[in-house]
Amino acid sequence: MGEQILLKHKVVSLDGYKASGGWTALEKATRMEPAAIIDEVKKSGLRGRGGAGFPAGLKWSFIPKDSPKERYVVCNADEGEPGTFKDRELIRMNPYLLIEGMAIAGRAIGARTGYIYIRGEFAREAALLEKCIGEAKVSGFLGDKLFGSAFGFDLHVHKGAGAYICGEETALLESIEGRRGQPRLKPPYPAVEGLFACPTVINNVETLAAVPAIIERGGAWYAGIGAGKSTGTKLFSISGPVKKPGVYEADLGIPFKTFLEDYAGGMADGKKLKAVIPGGSSTPVLTAEEALNAKLDYESLAAAGSMLGSGGIIVIAEGTCMVDALLVLAKFYHHESCGQCTPCREGAGWTETVLRRFEEGGAKPGDADLLLSIANNMMGRTICPLADALAMPVISFIAKFRDEFDAHAAGNTCRMGASR
Amino acid sequence: MKKFKFSEEFNRKVAPTVARYPRAEAALIPLMQEVQRELGHFPDEAAQALAGLLGVSYARVKGVLTFYTMFRREPGGKYLLQVCRNLSCHLAGSVKLLEYLKGRLGIEEGGTTHDGVFTLITAECLGACGTAPVMMVNDDYHESLTVEKLDKLISDLRAAAKAHK
Amino acid sequence: MKLKIDGKETEVKPGTSILGAAQAMGVLIPRYCYHPSLSVSGNCRMCLVEIEGAPKLVTACSTPCAEGMSVLTASEKARAARRDVLEFLLINHPLDCPICDQAGECGLQDYYMEHGLHKSRFPQTDKVRRHKRRDIGKHLVLDNERCILCTRCVRFCEEITKTDELCVRERGDHSYIDLKPGARLDNDYSLNIADLCPVGAFTSADFRFRQRVWFLQRTPSVCAGCATGCPLEVHHKDNVVYRLMPRPVEGFPPWLCDEGRMTYKSLRAPGRPAAAFCEEGNLKPAAGLRFAASRLGKLKPEQVAIFGSPFMSLEDNLALAELAAALGTKNFCLHFNTEPGIKDGILMNTDHSPNSRGLALIHAVYGGYTREQFSERLASGEVKFILGRNEEVKAALNAARTDIPSSVFSFSDEPAPGRACVLPAAGHFESDCLFINYAGRLRRARAAVKAPEGVLPVWQAADRIASMLGAPIRLETRAAVLERIKAKIPELADAPLADDTAEFYLK
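Keep in mind that what you see is a predicted model, and the values were worked out from it rather than measured.

**Student:** Quick one: what's the story with the pairing of strand β22 (residues 442–445) of chain C, residue by residue and with numbers?
**Tutor:** Residue and element names in this part refer to chain C. Side chains L442 and R444 project from β22 onto one buried face, and the interleaved R443 and A445 project onto a second face that is buried too. Relative to β22, strand β21 (residues 433–436) runs antiparallel, the two sharing 4 bridges. For F435, the partnering residue across the bridge sits in β22 and is R443. What sits between the antiparallel neighbours β21 and β22 is a turn of 5 residues, in which G440 has the positive phi angle 80 degrees.

Right under this line is the structure:
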């Protein structure tokens with residue numbers, strides 16, 4: 001196993017965090033020029049861990065240098081992509097890492113305030129963060145004049161109220177501002193006009209939590225971990241019929257086969273691998289063979305026809321009905337479509353309707369093609385990627401498991417009946 | 001519409017909540033959550049009152065209220081049971097758990113037991129797929145569930161509800 | 001900055017949207033949610049266009065032009081996107097067209113003919129059912145099933161009237177437009193929502209089921225509901241006006257207030273006189289004029305009072321002023337006290353009369369009493385007969401506490417004073433006429449329909465009366481009236497009175 005950066009210590013108190021070397025990166029950052037911090041993060045090659053994989057340093061550098069407006073750091077802790085549960089784990093393991101990372105980001109972009117947008121269901125984790133922030137304020141790790149510098153940073157927890165779409169960064173901003181979580185048109189991008197119309201950086205929990213180590217040990221050190229442009233370690237969530245489902249930190253570039261066997265303990269109950277959704281439910285499904293040949297990093301998974309996404313790996317065993325599995329996902333995206341853009345609003349419901357025909361009887365021979373057509377008509381035509389997030393599983397499930405769809409349509413029966 | 005009166009505890013929380021943001025309207029969702037925490041649901045009268053408090057329109061509050069699934073618009077049971085129905089939980093048998101709960105409680109999805117103790121709904125991914133299947137009881141996660149565990153949990157909750165009466 | 005749209009070079013100001021740049025070149029990109037007077041929401045996705053070299057289509061409404069950009073509005077990719085968006089919009093849209101008032105001016109129908117023409121792949125039985133025919137306001141009916149959630153209505157209430165009645169409720173394909181329980185969508189501009197709505201979700205309660213839009217003739221005119229004088233279009237058929245619609249003109253918001261929109265109702269008000277009547281009973285309009293002339297002829301000039309009105313046109317007031325001069329009476333009033341101004345920040349004016357500025361121009365040339373002096377003259381007992389517009393004569397008689405006989409020009413069903421001879425007059429949708437609005441802008445109203453048989457505009461009636469009295473004022477034709485206006489009123493000497501297209505402001 002590689003070096004643990006994020007899950008190294010289970011930290012339950014401020015003192016424990018200090019003892020584990022906490023706050024030294026922030027102290028160092030208060031003495032660094034903001035541009036130097038951004039350079040270090042750029043050098044590290046750290047990419048957004050929420051799903052899009054956009055280089056974090058580059059994102060920070062888009063904040064206008066000369067804007068007289070307030071700036072904000074926002075942490076996206078609206079973890080809700082099916083198959084992904086790493087941010088919750090990370091917060092429970094070491095909430096201070098996120099707090100320190102956000103303060104460093106604040107120093108880098110000139111923000112005095114940060115918000116952690118955490119999904120409302122994570123009430124306990126939100127309370128934990130609030131407690132830790134309170135302690136950090138009392139102990140002078142948050143607030144004015146940190147480490148004797150002119151830099152001050154304050155942090156607030158903002159709980160979501162039940163909407164997957166708020167994981168999309170501009171919907172998240174709308175939600176903080178007290179509105180329906182509907183993604184914004186871009187441009188303007190949040191770096192220019194984000195929260196409260198001010199320059200804003202929004203990063204995932206895991207991205208921000210990686211920052212203290214990068215500042216402490218240098219971008220070059222971090223860039224030395226991983227594979228090619230996929231630098232550093234990544235938290236992988238693995239669920240489904242494996243022996244040890246859970247969250248594991250591994251170097252990017254680890255072969256899926258190694259990860260499955262060495263970290264997750266292999267398949268449970270002698271089950272056979274059928275398919276893998278490698279990066280959260282919206283990423284295209286891989287067949288067992290494709291998955292076993294793939295490495296877990298941005299480039300390798302793209303080459304395999306899927307995406308690293310959030311690193312939420314859903315393992316599917318032989319005997320599972322892929323039509324049924326896809327229907328579960330279609331219901332989800334239908335339920336979570338904000339309703340703003342026509343193709344997503346109407347297409348998600350239509351997709352579910354057609355898929356129900358496969359499951360409940362009444363599917364016609366051309367219905368698999370109809371599903372593909374609906375998916376293709378949704379792709380790339382909406383404000384945010386939620387439509388794509390449904391279209392990609394539809395297209396990949398049908399492309400790779402077409403025979404199951406056709407069998408359903410032909411006989412209105414499911415060969416996998418037992419799995420349901 | 002009936003006039004809504006905020007509790008004293010709520011009123012004490014308004015200023016510090018608003019102070020976290022540069023615009024008062026950003027406190028809308030946190031304050032709606034606070035109303036719901038106190039009452040168990042968010043009544044329509046509160047929408048008008050909160051709109052007035054924050055200087056936004058009723059329409060805005062109503063739009064927000066109906067957008068987010070965690071807001072309960074009607075009173076429900078003492079314990080809100082939310083069974084995750086997304087893929088990892090589905091693969092781990094959440095359908096069976098749901099069927100079990102419907103049978104044991106004698107209610108359908110969305111229903112509340114006659115004694116007002118349980119409301120049963122399904123939820124989309126709760127973000128704890130590694131310990132599937134998962135169910136939330138109010139703010140708490142119950143993970144790696146089996147029918148046996150669930151059976152005991154329901155009995156315990158029922159007993160706790162009785163003890164509170 | 002320079003860019004290419006469909007291969008043609010164009011130059012635009014920075015910040016111009018692709019949609020705006022295309023429109024300026026005469027390329028109309030389909031849209032539902034975009035409206036030039038509302039914020040850009042970009043949600044309908046109908047205006048997707050291709051930018052050469054860009055991987056994804058972009059919405060033309062929200063994407064600013066960039067230097068050197070090459071936009072394809074009708075490429076295969078763009079056309080496919082439009083076709084698909086339209087299909088998505090139609091899957092849950094009811095098959096209501098035969099009974100829908102929007103038919104004929106419906107964005108769904110129009111674009112379907114242009115871009116769709118596909119066979120439905122969605123079973124009719126699966127369509128989402130929603131609230132239909134909701135009585136939602138004084139003037140509006142809402143059909144949620146027809147709604148495509150473009151949110152123009154919501155944005156209108158937020159951004160224009162700032163009354164915030166509407167919101168989108170729920171989310172995804174459960175979303176629908178709604179308002180507070182028990183509340184009404186009855187702001188002063190509510191009918192614009194029926195215009196804004198690109199489909200038949202919001203329809204006008206007044207217009208519903210009364211006429212198919214493709215049968216309507218359209219005549220450009222102006223509103224005489226207040227001193228703002230908004231440009232409008234009169235929609236009529238077989239000499240009946242069915243509705244008034246905003247007419248887009250540079251410098252005016254593209255709205256009408258509900259009050260202005262309902263002004264056409266007076267034309268067909270059941271009590272509006274189509275014949276003259278007096279002590280002798282009903283008379284044909286021409287006989288009514290003779291009767292009025294005979295009453296006037298029996299009096300000395302100073303016993304006759306003539307009352308101009310800011311509610312009547314320049315032509316009408318000029319003719320009354322000329323009549324007073326021809327009769328030789330000093331007892332005339334062309335004056336009106338007003339402090340006009342937009343009272344709500346949108347369109348509605350504190351001054352309800354459309355022509356107080358015009359009346360003031362005539363007053364300046366012809367003189368006459370102020371309103372206060374005129375009232376004193378009426379109260380003095382010297383005046384034995386008054387001629388003017390019904391409403392104002394009645395008010396003046398009441399104010400002066402006198403019940404002298406009168407001849408009143410009536411445009412509506414408003415009851416006349418006790419001893420009046422009522423003379424029906426052609427309203428401003430029934431005759432070409434001019435007003436000057438509160439800002440000094442010349443407003444030209446066009447006749448859309450014919451007045452009832454024999455009913456004349458006031459200026460023509462005044463001309464006839466003058467001739468009958470042997471004191472001709474020579475205003476037989478409108479051309480003659482316009483000539484007289486130019487000759488008499490220096491501010492209008494060079495005004496393009498007959499040219500509908502030229503803008504003219506008082507200096």
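Additional details are given in the paragraphs that follow.
**Student:** Which residues make up the sheet that holds strand β1 (residues 79–84) of chain B, and what are the values?
**Tutor:** All names here are of chain B. Taken together, 4 strands build an open sheet; the order of strands is β2-β1-β3-β4 and the sheet is mixed. Sheet topology places β2 (118–123) and β4 (140–142) at the edges, where each strand pairs with a single neighbour. The sheet shows a mean angle of 25 degrees between the axes of neighbouring strands, taken without regard to direction. For strand β3 (residues 135–137) and β4, the ladder comprises 3 bridges, and the chain directions are antiparallel. Across the sheet, the residue bridging to M135 is H142, located in β4.

**Student:** Tell me about the interface of chain C and chain A, residues and numbers included.
**Tutor:** It is common to report an interface's size as the accessible area lost on association of the parts. Taken together, the contacts link 24 residues of chain C with 23 residues of chain A. Sort the elements by how many residues they give to the side of chain C that touches chain A and helix α2 (residues 76–91) of chain C lands first, with 6 residues. Looking at side-chain class alone, the side of chain C that touches chain A contains 11 nonpolar, 6 polar and 7 charged residues.

**Student:** Explain unusual backbone geometry to me, and be specific about the residues and the numbers.
**Tutor:** Following K186 of chain A, the chain continues to P187 of chain A via a peptide bond in cis, the omega torsion being -5 degrees. Along the chain, the position of P187 of chain A falls in the loop between α8 (169–176) and β4 (200–204). The backbone phi angle of F147 of chain A is positive, close to 55 degrees, even though this residue is not glycine. Among the structural elements, F147 of chain A can be located in the loop between α7 (123–138) and β3 (154–159). Its 14 C-beta neighbours within 10 Å are what place F147 of chain A among the partly exposed residues. Within the chain, L149 of chain C stands out as a residue other than glycine whose phi angle is a positive 60 degrees. Mapped onto the elements, L149 of chain C comes out in the loop between β7 (140–142) and α4 (152–160).

**Student:** Just give me the short version of the sheet that holds β3 of chain A, but keep the residues and values in it.
**Tutor:** By definition, the strands of a sheet pair up through backbone hydrogen bonds, in either a parallel or an antiparallel sense. Residue and element names in this part refer to chain A. One open sheet holds the 4 strands; their spatial order is β3-β2-β1-β4, and the pairing between them is parallel. Looking at strand neighbours, the two that pair on one side only are β3 and β4, the edges of this open sheet. Between one strand axis and the next, the sheet turns by 20 degrees as a mean value, whatever way the strands run. Of the strands in this sheet, β1 (72–77) and β4 touch helix α9 (residues 205–217), which is tilted by about 95 degrees from β4.

**Student:** So, the environment of G418 of chain C: which residues are in play, and what are the values?
**Tutor:** Residues and elements named next belong to chain C. By secondary structure assignment, the location of G418 is in the loop between β19 (406–410) and β20 (420–424). Since 10 C-beta atoms lie within 10 Å of it, G418 is described here as exposed. C-alpha of G418 to C-alpha of D403: the two residues are 15 residues apart in sequence and 7.3 Å apart in space.

**Student:** Could you give an account of the interface of chain B and chain A, with specific residues and numbers?
**Tutor:** Between chain B and chain A, the contact holds 32 residues from the first and 43 residues from the second. Breaking the side of chain B that touches chain A down by element, the ones donating at least two residues are α2 (28–39), α4 (58–67) and α5 (87–91) of chain B. Residue composition of the side of chain B that touches chain A, grouped by class: 19 nonpolar, 8 polar and 5 charged.

**Student:** Provide a residue-level description of the domain arrangement of chain A, including the pertinent values.
**Tutor:** Residues and elements named next belong to chain A. Here chain A is partitioned into domain 1 (14–224), domain 2 (227–316) and domain 3 (322–419). Computed over C-alpha atoms only, the centres of domain 2 and domain 3 are separated by 23 Å. Between domain 2 and domain 3, the contact holds 7 residues from the first and 8 residues from the second. Looking at the side of domain 2 that touches domain 3 residue by residue, the class counts come to 3 nonpolar, 4 polar and no charged.

About the criteria used
- Residues numbered from 1 in each chain as written.
- Chains lettered and ligands numbered in written order.
- Predicted model: local features only at pLDDT ≥ 70, side-chain atom pairs only at ≥ 80, totals over all residues.
- Buried ≥ 20, exposed ≤ 12 C-beta atoms within 10 Å, placed from the backbone.
- Helix = DSSP H or I, 4+ residues; strand = E, 2+ residues; numbered from the N terminus.
- Pairing = 2+ DSSP bridges.
- Axes fitted to C-alpha atoms, helices over the stretch in contact; angles between N-to-C directions.
- Contact = placed C-beta atoms within 7 Å.
- Nonpolar A, V, L, I, M, F, W, Y, C, P; charged D, E, K, R; others polar.
- Domains from an automatic or database assignment.

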